[in-house]
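Fold and geometry: a report
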Amino acid sequence: METQHRFGAGASGPVLANSLLFRTSDLDEARDRVSRVFCSHRLQVVGERRQIGAEMYYRKIRGIGVGRMRYGASVAIEPGRLESFALIQMPICGSEVIEHGGQTVNSTPDVASVLSPTLPLSMRHGVDTEKLFIRIDRDTLERHCRQHLGGDLRQPVEFRPQMSLTDPRSLSWVRLMNWLCDEVGHERADEDTILDSPLFSAQIEQMVIATLLLAQPHNYSARLEDEGPSVAPHFVKRVERLIDEKAHEPLTIGDLSEHAGVSTRSLFSGFRKYRNTTPMQYLKDVRLKRVRDELLKAAPDAATVTNIAMRWGFSHLGHFTVDYKRAFGESPSTTLHR
């Protein structure tokens, strides 16, 4: 069935095949290696198959991590509470039964589990189960949620533990996961990667957390969906000054809204009303201008358009060239060779 391959093999092979963290048939080693990524827990083999064949693939990107794992046997996992991170688990095949915060989730390739840091947790991982997972640092999750809300959190973020991956509301999350796995899957160990760029990795972190907060119900969903008051012009100017001063840093919409002291919705509303643009478009325009300034000063035999563009966060050169021509009426290479 199609759902069995939602996060299955792609053009570059099995999901995250280039990010092997460990492979072992020793239960104690598996518990220790998994604990390093997640937290201390009890791990016990149950059922007839006593020998495990555990493996984990993992790639950390700022405050999030994307991985794939299996145990090769039916195991019971007792972490208590995750405490320092949230965890989204999406079976590629097989199933898991998860008890979380007094609710039961029967997780399959159609149903993900969304585990909150502060709620009690136990899992029964099926014998033939293999899953994709996203780990999100609790501090990072709460910072992004706080930025979007424009205020402090009185309670920890707690998600509904079951996510239907066939629900229209979840399709953006599914597409994002496929894109992220594909991007990680094309990395090569002997090459520099765009995922290590502070500008690019900050946007990935922001995109993953914002998509989760909008796609999966939680105790702050209603507040995130409120339009809120329109932002005042001085908040717009404050964000413009921040961008002008720190356009070289990995700014996200959450960073901008937190600096302004308003929600992301209010910030977008203010930029639409008073500047006829968006905060991130304003940031892009400033970065394009900085690229142009560098190209005009650079010597053609000592600099390249690619290096300068990527230094300012433009990872897709085709899109960058189109945007540059639209902004300045000439190609970046023409500017460089003046």
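Since we're looking at a predicted model, the values are computed, not measured. Throughout, a residue's number is its position along its own chain's written sequence, starting from 1. In view of the model being predicted, local features appear only for residues whose pLDDT reaches at least 70, and side-chain atom pairs are presented and counted only at 80 or more, with totals across whole chains, interfaces and linings using the full set of residues. Side-chain descriptors were evaluated using all non-hydrogen atoms of the structure, hydrogens and water having been removed beforehand.

1. Observations regarding the overall build of the protein chain
- Counting its regular elements, the protein chain contains 12 helices and 12 strands.
- Taken over C-alpha atoms, the radius of gyration is set against a globule rule of 2.2 Å times the number of residues to the power 0.38. Here the C-alpha radius of gyration of the protein chain, 22 Å, is about what a compact globule of 338 residues would show, namely 20 Å.
- In terms of its C-alpha atoms, the protein chain occupies a principal-axis envelope of roughly 75 × 50 × 35 Å.
- The contact criterion used is simple: two residues touch if any of their non-hydrogen atoms lie within 4.5 Å. Counting contacts in the protein chain only where the partners sit at least 6 residues apart, residues at least 24 apart contribute 74% of the total.
- Surface summary for the protein chain: the accessible area is close to 16,000 Å², and the carbon and sulfur share equals 48%.
- For the protein chain, the distance from the average site of its 44 positive side-chain charges to the average site of its 43 negative ones is 4 Å. Each helix corresponds to a stretch of at least 4 residues labelled H or I by DSSP, and each strand to a stretch of at least 2 residues labelled E; elements are numbered beginning at the N terminus. Reported accessibility uses the Shrake-Rupley method at a 1.4 Å probe radius. Residues are deemed covered only where the shown protein chains occlude them. Residues counted as positive are Lys and Arg, residues counted as negative are Asp and Glu, and His and the chain ends are not counted. Here the site of a charge means NZ on Lys, CZ on Arg, CG on Asp, or CD on Glu.

2. Describing the pattern of salt bridges
- In the sections that follow, a salt bridge refers to a side-chain nitrogen of Lys or Arg positioned within 4 Å of a carboxyl oxygen of Asp or Glu. Under the definition given, this model contains 20 salt bridges.
- Measuring nitrogen to oxygen at the nearest pair gives 3.4 Å for the salt bridge that ties Arg143 to Glu205. With Arg143 in helix α2 (residues 138-149) and Glu205 in helix α4 (residues 198-215), this residue pair connects regions lying 62 residues apart in the sequence.
- Between Lys284 and Asp323 there is a salt bridge; the shortest N-O distance is 3.3 Å. Of this pair, Lys284 sits in helix α9 (residues 279-297) while Asp323 sits in helix α11 (residues 317-328), and the two are 39 residues apart along the sequence.
- When salt bridges with common partners are traced through the structure, they connect Arg62, Arg143, Glu205 and Asp255 into a single cluster.

3. So, the side chain of Glu205
- Exposure is judged per residue with a 1.4 Å probe applied to protein chains only, and the accessible area is read against the type maximum: over 50% gives exposed, under 20% gives buried, and values in between give partly exposed. Judged by its relative accessible area of 2%, Glu205 is buried.
- Look past the residues within four positions of Glu205 in its chain and what remains in contact with it is Arg62, Gly63, Ile64, Thr140, Arg143 and His144.

4. Here we look at the sheet that holds strand β6 (residues 85-93)
- Here we have seven strands laid out as an open sheet, ordered β1-β3-β4-β11-β6-β9-β12, and antiparallel in their pairing. The open sheet has two free edges, formed respectively by β1 (20-24) and β12 (162-164), since each of these has just one partner strand. Averaged over all neighbouring strand pairs, the angle between strand axes comes to 20°, with direction disregarded.
- A pair of strands is treated as paired once DSSP finds two or more bridges between them. With seven bridges joining them, strand β4 (residues 64-70) and strand β11 (residues 130-137) adopt antiparallel strand pairing. Only C-alpha atoms enter the line fits that serve as axes; for helices the fit covers just the stretch in contact. Angles between N-to-C directions range over 0 to 180 degrees.

5. Describing unusual backbone geometry
- For Arg62, which is not glycine, the phi dihedral falls at a positive 50°.
- Along the chain, the position of Arg62 falls in the loop between β3 (54-61) and β4.
- A residue is classified by how much of its surface remains accessible, and Arg62, at 37% relative accessible area, is partly exposed.

6. Observations concerning the packing of helix α7 (residues 253-260) against helix α8 (residues 264-275)
- One can describe the packing of α7 onto α8 by two numbers: an axis separation of 9 Å at closest approach and a directional angle of 85°. Considering the angle they form, α7 stands roughly perpendicular to α8. Together, Ile253, Leu256, Ser257 and Ala260 of α7 and Thr264, Leu267 and Phe268 of α8 make up the contact between the two elements.
- Under the grouping applied here, Gly and all other residues not named as nonpolar or charged are polar, the nonpolar ones being Ala, Val, Leu, Ile, Met, Phe, Trp, Tyr, Cys and Pro and the charged ones Asp, Glu, Lys and Arg. Taken together, the residues of the contact of α7 with α8 break down into five nonpolar, two polar and no charged. Working rule for angles: under 35 degrees goes down as roughly parallel, over 145 as roughly antiparallel, 65 to 115 as roughly perpendicular, anything else as oblique.

7. Quick notes on the packing of aromatic side chains
- We call Phe, Tyr and Trp rings a pair once their centres come within 6.5 Å, taking the six-membered ring for Trp, and we label the pair stacked below 30 degrees between planes, edge-to-face above 60, and tilted otherwise. The final tally for this structure, using the stated rule, is eight aromatic pairs.
- Relative to Phe320, the ring of Phe314 has its centre 5.1 Å away and its plane inclined at 45°; by these criteria the two rings are tilted. For the pair formed by Phe314 and Phe320, the shared burial category is buried.
- One aromatic cluster is present, formed by Phe38, Tyr58, Phe85 and Phe133 through successive ring pairs.
- Geometry around Tyr57 places Arg68 over its ring, the cationic atom sitting 4.1 Å from the centre. Sitting over a ring, as applied to charges here, requires NZ of Lys or CZ of Arg to be within 6 Å of the ring centre and within 35 degrees of the ring normal.

8. Points about the environment of Pro161
- Relative to the elements of secondary structure, Pro161 occurs in the loop between α2 and β12.
- By relative accessible area, Pro161 is classed as buried at 2%.
- In this structure, the C-alpha to C-alpha distance between Pro161 and His259, residues 98 residues apart in sequence, is 32 Å.
- Each residue touching Pro161, except ones within four places of it in the same chain, is listed here: His100, Gln103, Val105, Ala112, Ser113 and Val114.

9. Let's talk about the environment of His125
- Considering the arrangement of structural elements, one finds His125 in strand β10 (residues 121-125).
- The exposure class assigned to His125 is buried, which follows from its relative accessible area of 0%.
- The sequence separation of His125 and Arg23 amounts to 102 residues, and the corresponding C-alpha distance is 17 Å.
- Dropping the residues within four chain positions of it, His125 is found in contact with Arg70, Tyr71, Ala73, Ser74, Val75, Ile77, Ser95, Glu96 and Lys131.
- Pairs of N or O atoms are called polar contacts if they sit within 3.5 Å, as long as, within protein, a hydrogen donor faces a hydrogen acceptor (for residues adjacent in sequence, only side-chain-to-side-chain pairs). Here the side chain of His125 touches Glu96 through a polar contact of 3.0 Å, side chain to side chain.
- A distance of 3.1 Å separates a polar side-chain atom of His125 from the backbone oxygen of Thr129.

10. Considerations on the nonpolar core
- In terms of nonpolar packing, the biggest core is built from 41 residues, with Met90, Ile134, Trp173, Met177 and Val208 touching the most fellow members.
- Excluding residues within four positions of it along the chain, Met90 makes contact with Phe7, Ala112, Lys131, Leu132, Phe133, Ile134, Leu165, Trp173 and Met177. Among buried residues, the Ala, Val, Leu, Ile, Met, Phe, Trp, Tyr and Cys ones that are joined through side-chain atoms within 4.5 Å form a nonpolar core.

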